[in-house]
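Survey of secondary and tertiary structure
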Amino acid sequence: MSDEIRTWGTDRLVDFLVKKTADRGLMADMRAGLRSTTKMNAWPILAKFCNLSDSRLRVYEVVAGLYATYPNICEGKNMGALCRELCGEEEERGIQNSSVSSGLREAEDDVKEGPMAKRFKRLLEADRGEICELIIRIVLYARSMEKAVDYKSLGRDLLKWNDEIKRRWAQSFWAPRETDSKKEMA
């Protein structure tokens, strides 16, 4: 199968799950896909969207399981943008200040890396075998903070998982944001 067909499969899977959100039994089977001891409960449904012998089956298990765990869905937000939303106020100010300030800052002005930035860097360092397990923790944290997840984008990105995806996520996380004072001046 080509990457295009696989990518389309994660979009179709998410569309299917959105329509079936009220089916508690199905959602339980999809959540089972997150655990190694019960993931085979998700396979009868996942077989409709991917080849179960494909090495990327874990992406389907994780996307379906996370959606079933936390069906707060949005569009147009990659994992870098979500991680940025998960930063605390102090960490957000630090990212914003370090993004905007010049590279000639004094050592005492350097902003310490916060906990979300550390987690995010770990995501970017992950290889294909590690990324899904790390994503589970991030999405569960997003659930605790009531932040929506773009599961379609997540599925497409995890299936491809390459340097281009990592750069897009990094841009979304570290790019300067328009501050309220800049908005008021406009």
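See above for the structure.
On a predicted model such as this, the values are computed, not experimentally measured, just so you know. (Residues numbered from 1 in each chain as written. Predicted model: local features only at pLDDT ≥ 70, side-chain atom pairs only at ≥ 80, totals over all residues. Heavy atoms only, no water.)

The next subject is the pattern of salt bridges. Tallied over the entire structure, the rule returns 8 salt bridges. Where Glu133 meets Arg58, a salt bridge forms, and the shortest distance between an N and an O atom there is 2.8 Å. Of this pair, Glu133 sits in helix H8 (residues 128–144) while Arg58 sits in helix H4 (residues 57–69), placing them 75 residues apart in sequence. Among the ionic pairs, Arg122 bridges to Glu130, the shortest N-O distance being 2.9 Å. On the basis of relative accessibility, which here comes to 31%, the residue Glu130 falls in the partly exposed class. Among the charged side chains, a network of salt bridges with common partners joins Arg58, Glu61 and Glu133. (Salt bridge = Lys/Arg side-chain N within 4 Å of Asp/Glu carboxyl O. Helix = DSSP H or I, 4+ residues; strand = E, 2+ residues; numbered from the N terminus. Buried < 20%, exposed > 50% of the residue type's maximum accessible area, 1.4 Å probe, protein only.)

So, about the packing of aromatic side chains. To describe a pair of aromatic rings, you give the distance between the ring centres and the angle between the ring planes. One pass over the full model with this rule turns up 6 aromatic pairs. Summarising the aromatic geometry, the rings of Tyr67 and Tyr151 are spaced 5.6 Å apart at their centres and angled 80° between planes, so their arrangement reads as edge-to-face. Of this pair, Tyr67 sits in helix H4 while Tyr151 sits in helix H9 (residues 151–160), placing them 84 residues apart in sequence. Taken individually, Tyr67 and Tyr151 each receive the classification buried, so the pair is uniform in this respect. Both rings, one in Phe173 and one in Trp174, keep their centres 5.0 Å apart while their planes meet at 85°; by these two values the pair is edge-to-face. Judged by its relative accessible area of 0%, Phe173 is buried. Through a chain of ring-to-ring contacts, the aromatic side chains of Phe120, Phe173 and Trp174 assemble into a single cluster. (Phe/Tyr/Trp six-rings, centres within 6.5 Å; stacked < 30°, edge-to-face > 60°.)

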